[in-house]
Amino acid sequence: MNDLWASKYRPSLSTEIIQPNIKKVKDFISNFGKEKGKKSLLIYGPTGCGKTASVHALANELGQEIVELNASDLRNSGSISSVAGNASLQMSLFKKGKIILIDELDGIAGQEDRGGISELASMIERTRFPVVITANDPFDKKFSQIRSKSLLIEYSPIPHKDICMVLEKVCKAESIMHDEPSLKTLAMRSGGDLRGAINDLEMLSRAIGEISKKDVEELSERDRESPMEKSLLIIFKTTDLRLAITAFDNSGEDLESCLMWVDENLPSEYRHPDEIQNAYRNLSKSDVFLGRIRRSQYWRLLVYANAHITAGVAISKNTRNSQQIKCIRPGRPLKIYISNARMQKLKSIACKVAGKSACSTRKATRNYMPYIKIMFRNRSLAEGISKFLELDEEEKRALIHAFSGRGPS
């Protein structure tokens, strides 16, 4: 199977990078160690603007080895120290030099991190090779240690005219039938994301065999805040494993949210019982891996969870559904939120019961709340309890809902 086109046509020289600041990046890498200064370079900008591609192109151009690490896979100090730390100190065996690439810095910060940022900052201090870090938004206060040690270079969204030129070259190389208005529309809808535009082109050409304006217009417009429709479209409409497995790379959602999106929309897209069964089998396996990650904090399992949600679901279908299905936002998070809100109200009521009966909240929840819920089914008792406990309207509604949604009689 061929590589994804976004990788296949990745620039191999810095002159092919469509960013005016590429020269600054090249100067930093070429002159590293020749003069005192910053030991790391932080390239920031929107998705698909060429941050990672620049580093790969320069490594190829300068004959240097590139050690690439994705920050979402290095969430604690131990893993960063053992992998990135060793690479930053050891000489390359076969190349003239080495570049340490920490990709997607945004993925390293979260509640599950265990000293990852501090260890990365310490590694920058010790490194014998240039460290290049990429990020979408590096200005969160959590990254202050990294910013202070780095030279910051901004990349801008790629102009749609340049994107259109690249798409034209890809079409010619892959012998894809197309027309100029279609490519222009595809480029403008990409929002400056060249990689996304190439992925769109590949998806349409593999599914349909040609590119027409009508097909392009059926694509949902790329939305930086909520690109889930685009991701689901890739999974549901392709059987290409390499294309499917990258579907959620730029979604901005965690994998548990992505699972809910697939779960909500899968029955509308897959119609045959065997397809639905196979797809949900893959979703259940992904859920198992996510559960293991939550318990053990072993984030290397994330790659398996993602594979089942994306590629596993994609190859579960026998035929591609030609109809365009409107994606629906999953209702489960809303239900969870409503349920949690009601539980908080019941806890608030239990605190008031504890205060009135001079006992602990735990005892009030266990010994008194079940009876209060039952008594609340009687209108006169409900009014007396509400007055005695000084319940507000939301707390009254929480008690009403607690007995299966039946109101006072």
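Above this note sits the structure.
Think of each chain on its own: its residues are numbered from 1, step by step along the sequence as written. It should be noted that, the model being predicted, local features are given only for residues of pLDDT at least 70 and side-chain atom pairs only at 80 or more, the latter also being counted only at that level, while totals for whole chains, interfaces and linings use all residues. Water and hydrogen atoms were dropped before computing side-chain values, which therefore reflect all heavy atoms in the structure.

**Overview of the sheet that holds strand 2 (residues 65–70)**
Taken in spatial order, the 5 strands make up an open sheet running 2-3-4-1-5, and their pairing is parallel. Each having just a single partner strand, strand 2 and strand 5 (150–154) make up the two edges of the open sheet. Geometrically, the sheet is characterised by an average inter-axis angle of 20 degrees between neighbouring strands, direction not taken into account. In the sheet, strand 1 (residues 40–44) pairs with strand 4 (residues 131–135) via 5 bridges, with the strands oriented parallel. Bridged to Tyr44 within strand 4 is Ala135. Contacts are assigned to residue pairs with any non-hydrogen atoms lying within 4.5 Å of each other. Fitted lines through C-alpha atoms give the axes, limited to the stretch in contact for helices. The angle between two N-to-C directions lies from 0 to 180 degrees. Only DSSP runs of H or I with at least four residues qualify as helices, and only runs of E with at least two residues qualify as strands; both kinds are numbered from the N terminus onward. Of the strands in this sheet, strand 1, strand 3 (98–103), strand 4 and strand 5 are in contact with helix 2 (residues 22–30), which crosses strand 1 at around 160 degrees. Here helix 5 (residues 116–126) sits on the sheet in contact with strand 1, strand 3 and strand 4, set at roughly 145 degrees to strand 4. A pair of strands is considered paired only if DSSP assigns at least 2 bridges between the two.

**Quick notes on the environment of Arg126**
Looking at where Arg126 falls in the secondary structure, it is placed in helix 5. In this structure Arg126 comes out as partly exposed when scored by relative accessible area, which is 36%. For the pair Arg126 and Lys39, spaced 87 residues apart in sequence, the C-alpha separation works out to 8.9 Å. Here a polar contact means two N or O atoms within 3.5 Å. Within protein one must be a hydrogen donor candidate and the other an acceptor candidate, and residues neighboring in sequence count only if both atoms are side-chain atoms. At a separation of 2.6 Å, a polar atom in the side chain of Arg126 contacts the side chain of Ser122. Per-residue accessibility, obtained with a 1.4 Å probe over protein chains only, is compared with the maximum for each type, and a residue is labelled buried under 20%, exposed over 50%, and partly exposed between these values.

**Points about helix 7 (residues 160–174)**
Helices are assigned an expected span. That span is 1.5 Å times one less than the residue count. End to end, helix 7 covers 21 Å across 15 residues, agreeing with the expected 21 Å (1.5 Å per residue, within 8%). The complete set of buried residues in helix 7 reads Ile163, Cys164, Val166, Leu167, Val170 and Cys171. Buried residues of helix 7, seen end-on, are gathered within an arc of 165 degrees and therefore sit on one face of the element. Within helix 7, the exposed residues directed more than 90 degrees away from the buried face are Lys161, Met165, Lys169 and Lys172. Positive phi appears at Ser175, one or two residues downstream of helix 7, with a value of about 55 degrees. The reported arc concerns the directions from the helix axis to the C-beta atoms and nothing else.

**Some thoughts on the nonpolar core**
What we call a nonpolar core is a set of buried Ala, Val, Leu, Ile, Met, Phe, Trp, Tyr and Cys residues that are connected through their side-chain atoms within 4.5 Å. Phe236, Phe248, Val262, Leu266 and Val313 are the most contacted members of the largest nonpolar core, which has 32 residues in total. Those residues in contact with Phe236 that lie beyond four places of it in its chain are Val262, Asn265, Leu266, Glu269, Tyr270, Val313 and Lys317. Within the second largest apolar cluster, 20 residues are counted, among which are Ile163, Leu167, Leu183 and Leu186.

**What about a nonpolar patch on the surface?**
Surface patches are defined over residues having more than 30% relative accessible area and no salt bridge, joining like charges when they lie within 9 Å and nonpolar side chains (Val, Leu, Ile, Met, Phe, Trp, Tyr) when within 5 Å. In these tables, accessible area is a Shrake-Rupley quantity obtained with a 1.4 Å probe, and a residue counts as shielded only by the protein chains included in the view. The rule for a salt bridge is simple: a side-chain nitrogen of Lys or Arg has to be within 4 Å of a carboxyl oxygen of Asp or Glu. A contiguous nonpolar surface patch, about 310 Å² in accessible area, is contributed by Tyr371, Met375 and Leu381. The topology assignment puts Tyr371 in helix 17 (residues 361–375). Its relative accessible area of 55% is what places Tyr371 among the exposed residues.

**Quick notes on the environment of Asp274**
Within the secondary structure layout, Asp274 lies in helix 14 (residues 273–296). When its relative accessible area of 42% is taken as the criterion, Asp274 is described as partly exposed. Taking the C-alpha atoms as reference points, Asp274 and Lys317, separated by 43 residues in sequence, lie 8.2 Å from one another.

**As for the pattern of salt bridges**
All told, the structure shown has 9 salt bridges when counted by the stated rule. Here Asp27 ties to Lys23 by a salt bridge, and the two come within 3.2 Å at their closest N and O atoms. In this pair, Asp27 and Lys23 both sit in helix 2, 4 residues apart, roughly one turn of the helix. Of the residues examined, Lys23 reaches a relative accessible area of 57% and is grouped as exposed. The shortest N-O distance in the salt bridge between Lys396 and Glu393 comes to 3.3 Å. Of this pair, Lys396 and Glu393 are both found in helix 19 (residues 393–402), 3 residues apart, which corresponds to roughly one turn of the helix. Lys396 sits in the partly exposed class, given a relative accessible area of 24%.

The values reported here are purely geometric and, on their own, carry no functional implication.
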